[in-house]
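For reference, the chains in residue letters:
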Amino acid sequence: MAAAAAAAPGALGALQAGRARLVAACCARLGPGWRLPGSLTGPRVGPAMWARGWAPVAGGSAPRRGYSSEVKTEDELRVRYLEEENRGIVVLGINRAYAKNSFSKNLVKMLSKAVDALKSDKKVRTIIVRSEVPGIFCAGADLKERVKMNPSEVGPFVSKIRAVINEIANLPVPTIAAIDGLALGGGLELALACDIRVAASSAKMGLVETKLAIIPGGGGTQRLPRAIGISLAKELIFSARVLDGQEAKAVGLISHVLEQNQEGDAAYRKALDLAREFLPQGPVAMRVAKLAINQGMEVSALLLEIAIGVGGGDLIPFIC
């Protein structure tokens, strides 16, 4: 064991540091401003300012009752605070139709800013992640943009995608992924980072990275086994198999499957129904319940995925 650890001191240190961070973050993840007996006694921190270009616009007409007005259609991410009986629900809508909602540098940046603001906003009770593009949830990383990058840019870009997916997983309030279309690679990893997943029966989803001779790098090797079990997760990752909504429901990848409607938003409507069920519950209890569940399930294995994807063979002596 000592020899193995000596062979990869950087990896061992990273894993040990990761465990320490998980413990240290236990209370911090409840979010600024929340106070519990004996802890989190610091002053309340207000929500971060919305960044220019993706803030919800006040006023204007809504597409249907309970919805706030939308931001400009050219924006790649639409952030909406819902109103009336849906107050407390926030919708993150991905809007890159020309690129199948794939992760670009700009989209990743916008998602990170949005999540940073939402995690400290005590008025937020539930977050829904959806697509504003019919037939697509998210097709993973934008490979066309990636081939134009310098080799030195690729690693940091992949790390930023991984980071924003982890930030979504660490949001202190319930999160729901509404999968009304294609969710492949990083798109499915984004959905796996949410607490609950619902999908239309016509949706397609899978971790297909092994077809490209790489591994899922946004938490998929850890979150998929937790969702459906180790053996089946290995089978799906090894085969790069794509499931439809009914198949995904059968294996436990999603909680609800719906027949798609004419508007193409059946999963989103179900996500809204679930979010409304959460609204009457105690906000502190909801945050603490999520924290307790997540901390009980989390291990530092996510760091292994990062290290293997980046370091490759350098970690083999340590793993063995």
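A quick note: this is a predicted structure, and the numbers were derived from the prediction, not measured.

Caption draft 1: How the structure looks around the overall build of the chain. Scanning the chain from terminus to terminus reveals 13 helices and ten strands. Looking at the 320 residues of the chain, the share that counts as buried comes to 47%. Long-range contacts, defined as pairs at least 24 residues apart, comprise 67% of the intrachain contacts of the chain with a sequence gap of at least 6. About 15,300 Å² of surface is accessible on the chain, with carbon and sulfur atoms providing 59% of the total.

Caption draft 2: Examining the pattern of salt bridges more closely. Applying the stated criterion to the full structure yields ten salt bridges. A salt bridge links Arg 78 to Glu 132; its shortest N-O distance comes to 3.4 Å. Linking Arg 78 in strand 1 (residues 77-81) with Glu 132 in the loop between strand 3 (126-131) and strand 4 (136-138), this pair joins segments that are 54 residues apart in sequence. Residues Arg 78 and Glu 132 agree in their burial class; the two are buried. Of the charged contacts in the structure, one is a salt bridge between Glu 153 and Lys 105, with a shortest N-O distance of 3.2 Å. Taken as a pair, Glu 153 in helix 5 (residues 151-169) and Lys 105 in helix 3 (residues 105-118) lie far apart in primary sequence, 48 residues in all.

Caption draft 3: Spotlight on a nonpolar patch on the surface. Together, Leu 143, Leu 212 and Ile 214 make up an exposed nonpolar region whose accessible area comes to about 270 Å². With respect to the secondary-structure elements, Ile 214 resides in the loop between strand 8 (204-206) and helix 7 (220-228). Taking relative accessible area as the criterion, Ile 214 reaches 39% and is therefore assigned partly exposed.

Caption draft 4: Structural context of the packing of helix 3 against helix 5. As a packed pair, helix 3 and helix 5 sit with axes 10 Å apart at the nearest point and diverge in direction by 30°. Regarding helix 3 and helix 5, the two cross each other, and that crossing is left-handed. For the pair helix 3 and helix 5, the contacting residues are Lys 105, Val 108, Leu 111, Ser 112 and Val 115 in the first and Glu 153, Phe 157, Lys 160, Ile 161, Val 164, Glu 167 and Ile 168 in the second. Taken together, the residues of the contact of helix 3 with helix 5 break down into seven nonpolar, one polar and four charged.

Caption draft 5: Spotlight on the nonpolar core. Ranked by internal contacts, the top residues of the largest apolar core, which has 49 residues, are Leu 77, Leu 92, Phe 137, Ile 179, Met 205, Leu 224 and Leu 253. In terms of residue count, helix 3 provides more of this core than any other element does, seven residues in total. With residues near it in sequence (within four places) discarded, Leu 92 still touches Leu 77, Arg 78, Val 79, Leu 111, Ala 114, Leu 118, Ile 127, Ile 128, Val 129 and Arg 130.

Caption draft 6: The arrangement of helix 3 in detail. When the terminal C-alpha atoms of helix 3 are compared, their 20 Å separation across 14 residues agrees well with the 20 Å that a helix rising 1.5 Å per residue should span. Turning to helix 3, its buried residues are Leu 107, Val 108, Met 110, Leu 111, Ala 114, Val 115, Ala 117 and Leu 118. Buried residues in helix 3 make contact with strand 1, strand 2 (89-94), strand 3 and helix 5.

Caption draft 7: Focus on the sheet that holds strand 9 (residues 243-244). Judged by pairing direction, the sheet is mixed, and its four strands sit side by side in the order 4-6-8-9 without closing on themselves. Strands with a single pairing partner mark the edges of an open sheet, and in this sheet they are strand 4 and strand 9. In the sheet, strand 4 pairs with strand 6 (residues 182-184) via two bridges, with the strands oriented parallel. Bridge pairing in strand 6 places Cys 138 opposite Ala 183.

Caption draft 8: Main features of the sheet that holds strand 1. On the basis of which strands lie adjacent, the open sheet formed by six strands has the order 1-2-3-5-7-10 and mixed pairing. Edge strands, defined here as strands with exactly one partner in the open sheet, are strand 1 and strand 10 (256-258). Direction aside, the axes of adjacent strands within the sheet are offset by 20° on average. Across three bridges, the pairing between strand 7 (residues 196-200) and strand 10 is parallel. Within strand 10, the residue paired with Ala 200 across the bridge is Leu 258. Set on the sheet, helix 3 makes contact with strand 1, strand 2 and strand 3; between it and strand 1 the angle comes to about 20°.

Caption draft 9: The arrangement of the environment of Gly 220 in detail. Tracing the backbone shows Gly 220 in helix 7. Judged by relative accessible area, Gly 220 falls into the buried class, the value being 0%. For the pair Gly 220 and Leu 192, spaced 28 residues apart in sequence, the C-alpha to C-alpha distance is 7.4 Å.

Caption draft 10: Layout of unusual backbone geometry. Of note, the phi angle at Asn 101 is positive, near 60°, even though the residue is not glycine. Inspection of the secondary structure assignment puts Asn 101 in the loop between strand 2 and helix 3. Owing to a relative accessible area of 0%, Asn 101 belongs among the buried residues under this scheme. Look at Ala 240: it is not a glycine, yet its phi comes out positive at around 55°. Inspection of the secondary structure assignment puts Ala 240 in the loop between helix 8 (230-239) and strand 9. On the basis of relative accessibility, which here comes to 3%, the residue Ala 240 falls in the buried class.

Scoring rules and cut-offs
Residues numbered from 1 in each chain as written. Predicted model: local features only at pLDDT ≥ 70, side-chain atom pairs only at ≥ 80, totals over all residues. Heavy atoms only, no water. Helix = DSSP H or I, 4+ residues; strand = E, 2+ residues; numbered from the N terminus. Buried < 20%, exposed > 50% of the residue type's maximum accessible area, 1.4 Å probe, protein only. Contact = heavy atoms within 4.5 Å. Areas by Shrake-Rupley, 256 points an atom, 1.4 Å probe, with all protein chains shown as cover. Salt bridge = Lys/Arg side-chain N within 4 Å of Asp/Glu carboxyl O. Patch = residues over 30% accessible without salt bridge, like charges linked within 9 Å, V, L, I, M, F, W, Y side chains within 5 Å. Axes fitted to C-alpha atoms, helices over the stretch in contact; angles between N-to-C directions. Left-handed = near helix turned anticlockwise from the far one by under 90°. Nonpolar A, V, L, I, M, F, W, Y, C, P; charged D, E, K, R; others polar. Core = buried A, V, L, I, M, F, W, Y, C linked by side-chain atoms within 4.5 Å. Expected span 1.5 Å × (residues − 1). Pairing = 2+ DSSP bridges.

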